[in-house]
Structures are given as structure tokens and as C-alpha cells.
Amino acid sequence: MWWDERVSARFRRNLQPTLTYWSVFFSFGLCIAFLGPTLLDLRCQTQSSLSQITWVFFSQQFCLLLGSCLGGVFKRTLAQSLLALFASSLAISLVFAIIPLCHNVLVLAVVMAVAGLAMGCIDTISNMQLVKIYQKDSAIFLQALHFFVGFGALLSPLIADPFLSDTNCILSNGTANASSNLPHIRKSLLPHHPGNLSHYDLPMKGMVVTRVSYAFWIMALINLPVPIAVFFLLYKERMVPCLNGSSHPLLSADELALETRPGDKDELSSAAQRPHTAAGHEDLFSCCQSRNFQGASFTYFAVHISGALVLFMTDGIVGEYSGFVYSYAVEEPLAVVHKVAGYLPSLFWGFITLGRLISIPVSYRMKPATMVFINVVGVLITFLLLLIFSSSVVFLFVGTASLGLFLSSTFPSMLAYTEDILQYKGCATTVLVTGAGIGEMVLQLLVGSIIHDRGSYSFLVCGMIFGCLAFTFYALLVFFHRMYPKPSPEPDEASPEKAAVAEATGQYQR
């Protein structure tokens, strides 16, 4: 294997939980990308207006953000985490199965809000658990985790595509005229920006003809093995409430440190059975409690805030670029044909997924800080070149692919870097996930308003500004990293002091 034996042994020891968390993130990706292409058919199903149906985007994203904030509540114990992941992944399958039965837009919005809460819990808990299992080796496994969300996001539109309506799915007297706009309208649906399509007139009453229900039922079946996998992990860890009330942690810090000393593991396993409460990695509200601030230095807060601001900008760029690149391409001066411009969002997400796959081996050889530096500089240079060659259609495609590659590994690399700075004792995962979610939501709304007032060229100007801010916040993070207190020399691994420290920090245990 291309990694060393120590990491390989740790992966083999935690094979089932690692694969389970990866599969749960596949559910996250499957659920996050289906709404855009299917929204017109869902409009027909609910017989609502375009401005009404686009609010479903907002309900999903807002509750995703809320779920990310609250996800840490279920992280107090491993049993709570796995039960929350089981409920969340099962909820996503149920949401896919229920969506075809939603014939009212308000009911659909509520169902998508439930899906958003489930996705937010998955996002926070899966990142936290992998960080706690692998700690300083977590970068490579986080890259793989985020590859699976990209894979799911690529797969769900492909499943939906054969079942999408080629003509308006509500038959009425105005169907013929409205149907000619459908390809453009479908690709112009912008998440979290309701009302941007109010100038299109599509019929709201008539006979509904859509086959999109089959796509949702197929996705429900594809996702069903995921909650089953989580249930098997619960069963293996003896955490199924109705079968066995006992629980035991997954992997102790002592066992991680002594992986090359198998003779000590029996002694460690008995010590690991003691119950404990995690000291870090809590929900956002617990992180804000005053007890967590006692004795904390200024740099402790600065690392959290600057890391979250980097992801606020980079994840915001992902959201606004994927949402608006099509609209930018079809406007002057580029005036790309609608069908050709429709490939740009797919190209962008395709290269994000490819970049995450490439980052899996790269992250083993390269430090997370270096990867984040390359990412933010690459984003900055790409937007600069896009501005310089703003009249070139070819470079728009090249720049879109380049931007996808550079943005692909930013989140997992930043998460690994920030947790490493804080020695896995802060609230970095919760704060970073929340900051990224807020950025994706807020920057899309902001850019949508600016484009409406200033024209399509402002799309690239906004991206350039966000890229500069991301680089600035990264430079501040590096500065605060140098100021952050270095960890004190650790006691001998076999000493009682070492065991006491490990128990006090509440590390992820078996």
C-alpha cells in the first residue's frame, strides 16, 4: 500500500466504522444535488409557481445549517452519534420515498426541511468521528469522506435525468409556448435565491404528466443499504438499545499511541471500558459556554474564527459559482448556447469530485496547511485569469475545471489543519462546518442580488473578492498558528500520567 504500515494498521482496525461514515456521506451527496434538476417536475407535481417552488431550496439549506449546528449534541457518546447517523440516513431514504406523495408545496418544503436536518447531522458527526479516530492521520480519510459526497452529488442528477419531462409537465392551453423555455429555466434554477424566475410564465393548472417519482424511488432504494450499514455498526458495538444496553468506545488514545506495542492492549482494553464524556467536539451552543473559555488564550479563539472564515469564503464560492455560472455564460458578452452552457455546472462538480479523489493519496504526502495554501492561491489565480480572459468561452470551461480542482480539497484539508493546531481539544469541527454552511447560503444570496443590480460581469468580480478574502483569512490563520501555545512534552506513553491525560481529554475509544 502507498501509505505506511502504521496508518494501514489503524485503517484495518477501524475498517467498518470508516466505511460506514464514508457511506453515510454518500447519502449526504445523493440528497444535496437532486433538487435542482427535478424542481420543475416537482413544481408540476405540487402545481405551484416557480417563485413558490424555489423556496424549497431555502428550507433544505436553512435546516441543513441548523442540523450542522445541532449535530454535536448527539456527539456526547458514541452510541448517540451512531443512533443519530442511523436516524438521519434512514430519514433520507424515507424522504426520497415520500417526495412523490407530496402534492402541496408547503408539505414538500417541510419534507425537505427534515432532509436538511438529517444532512446537517451527517455532515457534523461524520467529520467529527473520523477526526477522533485518526487524529493526526485524519487528513487522508477526510479527503476520502468528501470524495463520497461528491460522488453522490454526481450520481443523483444522472438517476433523475431519464425521468425529467422534456416538455411542460402540466398540460394546458399555454403549454406549447411555455415548453420552449424549459431547458433554460431548468438550468437557471438557483438554490437559495427564490423569486429569480418570477418573470417566466408557466401554467399552474391542468393535467400533470411527470415520471419523476420513479427517480426518487430508485434513489430511496440506492440509499437504503446506508442505514443498514450503520445499524450493523451499532450491533457490532453492542449499542442497539433493544438488544444490548452496554456500550464501549471505539479507540483509545493510548491504543493509538501504542499501536506498535500489541502486548499492552489487554491492559488498555480494560481501562477503556470506563464511561466518559467528550471534552471537545461538542455542538455549537455547548462550544459557546463560558466553561470552555476558562484559561483559553486569544489565539484559541482566533484559530477557530479565522479557519471558519476561510471556509465561509471557499464554500461560499462553491455555492455561488455552481449556482450562477450557467446564467453568467448565457448572458453577454459570452452568449453561450443554452445547451453548451448547461455543461458548466456538471464540469465544475465533476472536477470537484476528481480533485477529491486525487487528494486522497496527495494528502498523505503533503501537509494540510500546504494543501490549503495551494487551494486558496489556485482559486485566486483562476479568478484573476477568468477576469483577464472574460471574453473567451474556451477559457471559461478551462477555468471552471481548474476552480473545481482547487476548491475540491479545501474543506477536509482546513479541518485537518485546524484540528491539528488545537490538538483535537477545541470545537473546530463544529465551528468550521457551521461557518462553511453559512457561507454557502449567504454568499449565494449576496451574489444573486449583486448580479441582478450590476450585471453578469460582477459574478467574476465577486469571486475574485471572495478569493482574496479567503487568502487573507488563511494568512491570519497561519499567523495565529505560530502564536498558538505549543503542546507540553508528553509523559512517557506507559506512565500513569499519560493514561490520565488520555482519559481527561475524552479521546475516541474502542
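Definitions and cut-offs
Residues numbered from 1 in each chain as written. Predicted model: local features only at pLDDT ≥ 70, side-chain atom pairs only at ≥ 80, totals over all residues. Heavy atoms only, no water. UniProt positions renumbered as here; feature names shortened; annotations may be inferred. Helix = DSSP H or I, 4+ residues; strand = E, 2+ residues; numbered from the N terminus. Expected span 1.5 Å × (residues − 1). Bend = angle between axes of the 7 residues up to and from the residue. Buried < 20%, exposed > 50% of the residue type's maximum accessible area, 1.4 Å probe, protein only. Contact = heavy atoms within 4.5 Å.

Going by an unreviewed UniProt entry, the protein chain carries the name Major facilitator superfamily domain-containing protein 4A and comes from Erythrocercus mccallii. Quoted straight from UniProt, the Subcellular location (unreviewed entry) entry for the protein chain says "Membrane". For the protein chain, the Sequence similarities (unreviewed entry) comment in UniProt is given as "Belongs to the major facilitator superfamily."

Novice: What is the right way to read helix α18 (residues 343-365) from this model?
Specialist: One turn of the α-helix equals 3.6 residues, which is why residues spaced by three or four share an orientation. Under the 1.5 Å per step criterion, the end-to-end length of α18 is 33 Å for 23 residues, consistent within 8% with the ideal 33 Å. Within α18, the axis deviates most sharply at Ser359, by approximately 40°, and proline Pro361 lies no more than four positions further along. Those residues of α18 not exposed but buried are Leu344, Pro345, Phe348, Ile352, Thr353, Gly355, Arg356, Ser359, Ile360 and Ser363.

Novice: Can you help me understand unusual backbone geometry in this one?
Specialist: Peptide bonds are trans in most cases, and residues, glycine excluded, mostly fall at negative phi. Cis geometry is adopted by the peptide bond preceding Pro333, which originates at Glu332 and carries an omega value of 10°. Phi is positive for Gln47, which is not a glycine, with a value near 50°. Its place among the elements puts Gln47 in the loop between α3 (35-46) and α4 (50-53).

Novice: Where do I start with the environment of Val111 in this structure?
Specialist: Secondary-structure assignment places Val111 in helix α7 (residues 105-134). Along the backbone, Val111 and Ile92 are 19 residues apart, and their C-alpha atoms lie at a distance of 9.8 Å. For Val111, the contacting residues outside a window of four places in its chain are Val95, Ile98, Ile99 and Cys102.

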